[in-house]
Every structure is written in structure tokens, then in C-alpha cells.
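# Examination of the molecular architecture
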Amino acid sequence: MKILQLAPQFPFPESDGGKISIANIFREGSKNSEMILICLVKELPDENQINEARKYGEVHVIKADMENSFKNIFRSLITDQSIYLMKHSFKQTIELVWTIVKDLDFDIIHADHTAMAPLAFEIKKRKSRPIGLRLHNIENTIWHRYSEVIPSYKPKKWYLSRQANLLTKSEADYITNADLNFVMTEPDKKRALDIAPDANVIVAPAGVDLERHKRQDLERDQFEMIIATNYNWVHNVDGLKWFINEVLPIVKKELPKTKLSLLGQNIPEWMTNLRKKGVEALGFVESVKPYLSAASVYVAPLFVGGGIRIKILEAMSMELPVVATSVSAEGIEAEDKDGLFIRDKAKEQAEIIIDLFKNPDRVKYYGEKARSRMAENYTWEKNVETIIKSYSNYLEN
């Protein structure tokens with residue numbers, strides 16, 4: 001079986017949840033199928049990164065304008081298309097993709113993210129191949145949630161609400177007409193069927209590579225919290241700002257040695273100046289393993305989002321208990337007894353963290369429970385196999 005995989009970003013290095021998922025579908029899919037990856041990128045990756053991807057299949061990279069720039073926002077105001085879909089499917093982008101696709105032989109189109117649906121359907125129209133749509137999130141949910149937290153007097157609320165409604169309509173159409181749809185969580189399956197009742201929707205969760213995400217035998221810092229995230233996404237930054245302002249001071253008042261370590265690229269400058277408050281901005285690191293291995297608690301504050309947070313799965317596989325909000329933990333079938341503590345109030349989060357810091361044996365216990373839960377339900381091998389088998393069965397039948 002030959003699979004054409006369309007993606008809105010180049011997946012190597014695997015620095016955020018979207019890239020991790022795209023990379024693992026490409027990697028795992030290559031074990032039993034021929035993979036062809038076409039990526040849209042803002043900046044071209046270097047040759048080493050492209051060579052890494054070529055270990056698993058054929059790779060094509062196309063530079064495209066995918067920014068929420070003033071020009072693209074203006075375009076979205078004078079059309080009935082959502083900016084999220086429009087900026088990934090300009091006519092010139094479609095034609096650049098077609099110059100590659102027209103001479104390729106493949107059996108099925110795998111579109112990563114709703115953003116790739118317009119390209120996938122254009123290819124289907126020209127080459128008559130079935131489409132599998134990988135819904136990393138139900139995107140309109142994120143836009144609706146974002147619009148709800150904006151005060152009603154701000155024009156931005158009107159814009160976001162309109163965009164959410166446009167995206168809901170388009171997403172419903174694409175999900176209905178895709179031959180197969182894959183969601184990561186049961187809540188997202190329900191959302192998909194709410195807007196597209198006749199759609200073929202299959203749950204195939206995200207996962208972790210247990211061998212690559214195995215805790216190193218390092219001494220833990222008893223009072224260290226840690227997070228690895230994508231600071232380019234405004235909702236991650238907003239959630240972390242809430243945590244720094246509301247949760248961290250409560251913990252530090254009880255336990256002054258507490259610190260919060262931040263991993264990842266493009267940390268906002270204001271976060272790099274909070275050392276006196278106990279915030280350590282470490283930035284990008286080649287490997288997060290030693291840092292996660294040496295911490296005692298992983299935090300995941302998020303109030304706008306959807307899908308599943310792969311970084312939480314990775315932290316749990318690294319034997320870290322996780323303190324998360326209900327939005328960031330959505331779709332993960334785990335609870336307190338599994339080392340995933342879901343709390344939305346600052347005081348409640350602080351109480352959990354203080355208890356764990358005061359009792360290192362509980363950190364170890366819940367960390368081991370967390371890894372066991374990941375091994376049971378969240379491996380890439382198992383979950384990508386669901387997608388590949390579904391494609392195989394669809395083509396056979």
C-alpha cells in the first residue's frame with residue numbers, strides 16, 4: 001500500500017505535539033507501507049532534517065504563506081472562508097502541490113489536520129483517490145473556546161466567533177465527505193459526529209515511544225516542576241501565565257525552594273526574567289530526557305484547546321506525575337490513581353503539588369503508575385496500526 005501523507009509542517013525535529021504525531025504516523029506507517037510525505041513550511045528545513053525524514057519514505061517540502069498576517073486576516077474578512085483553511089490552500093499552494101502529485105503513484109491520501117483537507121479533496125478530484133482525514137483536533141472547538149474567553153466589547157470576539165462558525169461549516173463538510181476520519185479521543189469523536197452525523201469516524205489515539213521516553217536514573221530535584229511546550233501558540237502562553245501568577249506563589253509560600261523549569265523554543269522574553277519568582281527558562285534543549293528525569297512534577301495548564309496533549313503522554317511515560325487542567329488532559333483516559341491529577345482551580349493544583357513535593361515516595365509511586373498507564377493504552381505502534389489497518393481494509397473492500 002502506498003500512502004500520500006499531507007502535513008502543514010515538517011515534522012523533524014519532533015518539537016511539539018503536532019510534529020510528534022505527524023512524524024510517528026510517517027515512521028510507523030513506513031514499516032508496512034510506502035510513505036510519501038508532502039509538507040507545507042514557513043521556512044525550509046536543513047538538509048540533515050530532510051535526510052532524517054528520508055529514512056522512512058519519499059519527502060517533498062513546499063514553502064507556503066501560512067501566517068495570520070494582516071494580509072491574510074483581511075482576505076478572511078472579505079470571503080466566506082475561515083483563515084485557518086484559506087491560508088493553507090491558496091491557489092498557488094495547490095498548484096505547487098499538484099506539480100509533485102500528478103506524477104506520483106499512491107493508493108490513498110492521508111491528510112494530517114483539517115488544514116490539509118482542501119488540498120486532499122483537490123487531489124481526489126484530479127486523481128480519484130480515497131481520503132483519510134486525521135483530525136488532530138476538532139478545530140472549530142478551539143476557535144469557539146477562544147472566542148468565549150474574549151470580552152464581548154472587543155472586536156476580536158466578533159472576528160473569532162465568525163471564524164469559528166465558518167470553520168464549523170467547512171469542517172462538517174470535509175468530515176462528512178472524507179472516506180475515513182481518525183480522531184484522537186472519544187470526546188472529539190462525539191464532536192465530529194455532532195456536526196457530521198453520517199461520517200465514518202474512528203478513534204486512533206496519539207501515543208508515545210516507550211523506549212525513547214524512558215526515565216534516566218538521575219536524582220530528582222524534590223521541588224522542581226517542569227513543562228515542555230510550544231510557546232508560539234498563544235493559548236499555551238496564556239495558560240502558563242495563569243499558572244505562574246496564580247499557582248506558583250501558593251506553592252512557593254509553603255515551600256520556598258520550589259522552581260518551575262521551562263523547556264522549548266521561543267520562550268517569551270517576560271518569562272525569561274522571572275528567576276526571582278522561581279521560574280527557570282531553559283529554552284530549547286537537544287534532549288528533554290535528562291530534564292524530565294530530574295524533575296518531580298510535570299505541569300500542563302491550558303484553558304483553550306482540543307485533541308490530546310502528547311507532551312502529557314510523554315511526561316507520564318517518563319514516570320512524572322502530571323498536574324493538568326481539564327482542557328489539557330481532555331481525552332486522556334487516566335486519573336489520580338494513574339498519576340494524572342486534573343484540577344482547574346489554582347488552590348487545588350497547588351495543594352496537589354505541595355503534597356507531592358513533601359512526599360517523594362508518592363512522586364515515585366505515581367510516576368510508575370503513569371508509565372504503566374501509557375504502556376497499556378498509548379503506544380504509537382498500536383495506535384498508528386489502527387490507521388494503517390483501516391486503510392488496508394477500506395481498499396480491500
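Below is a short write-up of the structure. (Residues numbered from 1 in each chain as written. Predicted model: local features only at pLDDT ≥ 70, side-chain atom pairs only at ≥ 80, totals over all residues. Heavy atoms only, no water.)

Before going further, it helps to examine the overall build of the chain. Of the regular secondary structure elements, the chain holds 15 helices and 13 strands. Computed over its C-alpha atoms, the radius of gyration of the chain comes to 21 Å, within 12% of the 21 Å expected for a compact globule of 397 residues. In the chain, the share of contacts with a sequence separation of at least 24, taken over all contacts with a separation of at least 6, comes to 68%. Taken as two groups, the 55 positive and 56 negative side-chain charges of the chain have centres that lie 4 Å from each other. (Helix = DSSP H or I, 4+ residues; strand = E, 2+ residues; numbered from the N terminus. Rg over C-alpha atoms; globule rule 2.2 N^0.38 Å. Contact = heavy atoms within 4.5 Å. Lys, Arg positive; Asp, Glu negative; His and termini not counted. Charge placed at Lys NZ, Arg CZ, Asp CG, Glu CD.)

Next up on the list: the pairing of strand 1 (residues 2–7). Counting buried residues in strand 1 gives 5 out of 6 residues, a clear majority hidden from the surface. Examined bridge by bridge, strand 1 and strand 2 (residues 34–41) share 6 bridges and lie parallel to one another. Residue pairing for strand 2: Leu-4 is matched across the bridge by Ile-36. Handedness of the crossover is the feature at issue here: the chain leaves strand 1, passes through helix 1 (residues 17–29), returns alongside strand 2, and the resulting connection is right-handed. Note: strand 1 against strand 4 (residues 108–112), 4 bridges, orientation parallel. Its bridge partner lying in strand 4, Gln-5 is registered against His-110. (Buried < 20%, exposed > 50% of the residue type's maximum accessible area, 1.4 Å probe, protein only. Pairing = 2+ DSSP bridges. Right-handed = clockwise from strand over helix to strand, strands pointing away.)

Further remarks concern the sheet that holds strand 10 (residues 279–283). Here 6 strands make up an open sheet; going across it, the order is 10-9-8-11-12-13 and the pairing parallel. In this open sheet, the two edge strands, each paired with only one partner strand, are strand 10 and strand 13 (340–342). Strand-to-strand, the axes of this sheet are offset by a mean angle of 25 degrees, without reference to chain direction. Sheet topology places strand 11 (residues 297–300) next to strand 12 (residues 322–324); 3 bridges connect them, and they run parallel. Opposite Val-299, over in strand 12, you have Val-323 as the bridge partner. (Axes fitted to C-alpha atoms, helices over the stretch in contact; angles between N-to-C directions.)

What follows concerns the nonpolar core. If you look at the biggest cluster of nonpolar residues, it comprises 85 residues, and the most contacted ones within it are Met-225, Leu-262, Tyr-298, Leu-340 and Ile-353. Discounting chain neighbours no more than four positions away, the residues touching Leu-262 are Ile-227, Tyr-231, Leu-240, Ile-267, Met-271, Val-279, Glu-280, Ala-281, Leu-282 and Gly-283. In this structure, Tyr-84, Ile-100, Met-116 and Tyr-174 belong to the second largest nonpolar core, which totals 49 residues. (Core = buried A, V, L, I, M, F, W, Y, C linked by side-chain atoms within 4.5 Å.)

Taken as a whole and assessed by the stated rule, the structure comprises 2 cavities of 30 Å³ or more. Of the volumes computed, that of the largest cavity is approximately 50 Å³. Forming the walls of the largest cavity are Ala-228, Val-288, Leu-292, Tyr-298, Lys-311, Glu-314 and Ala-315. The biggest single contributor to the lining of the largest cavity is helix 12 (residues 310–317), with 3 residues. Empty space within the second largest cavity amounts to approximately 40 Å³. Every residue along the wall of the second largest cavity is listed here: Ile-94, Val-97, Trp-98, Leu-119, Glu-122, Ile-123 and Arg-126. (1 Å grid on protein atoms, 1.4 Å probe; cavity = no way out; pocket = protein on both sides within 12 Å on 5 of 7 lines; lining within 4 Å. Points joined across faces, edges and corners; volume = space filled by probe spheres on them.)

On to the packing of helix 13 (residues 346–358) against helix 14 (residues 360–377), then. Contact pair helix 13 / helix 14: the axes reach a minimum separation of 5 Å and the direction vectors enclose 105 degrees. Put simply, helix 13 runs roughly perpendicular to helix 14. Between helix 13, through Asp-355, Leu-356, Phe-357 and Lys-358, and helix 14, the contact on the second element is made entirely by Pro-360, Arg-362, Val-363 and Tyr-366. For the contact of helix 13 with helix 14, the class distribution of residues is 5 nonpolar, no polar and 3 charged. (Parallel < 35°, antiparallel > 145°, perpendicular 65-115°, else oblique. Nonpolar A, V, L, I, M, F, W, Y, C, P; charged D, E, K, R; others polar.)

Applying the stated criterion to the full structure yields 9 aromatic pairs. Look at Phe-12 and Tyr-56: their rings are 6.3 Å apart centre to centre, the planes differ by 15 degrees, and that puts the pair in the stacked class. Of this pair, Phe-12 sits in the loop between strand 1 and helix 1 while Tyr-56 sits in the loop between helix 2 (47–53) and strand 3 (58–63), and the two are 44 residues apart along the sequence. Here Phe-12 falls in the buried class, since its relative accessible area comes to 5%. Seen in terms of ring centroids, Tyr-365 and Tyr-366 are 5.1 Å apart; in terms of plane orientation they differ by 75 degrees. Their pairing is edge-to-face. (Phe/Tyr/Trp six-rings, centres within 6.5 Å; stacked < 30°, edge-to-face > 60°.)

A surface patch of nonpolar side chains, amounting to about 620 Å² of accessible area, comprises Phe-70, Phe-74, Leu-77, Ile-78 and Trp-158. Note that Leu-77 resides in helix 3 (residues 70–77). (Patch = residues over 30% accessible without salt bridge, like charges linked within 9 Å, V, L, I, M, F, W, Y side chains within 5 Å. Areas by Shrake-Rupley, 256 points an atom, 1.4 Å probe, with all protein chains shown as cover. Salt bridge = Lys/Arg side-chain N within 4 Å of Asp/Glu carboxyl O.)

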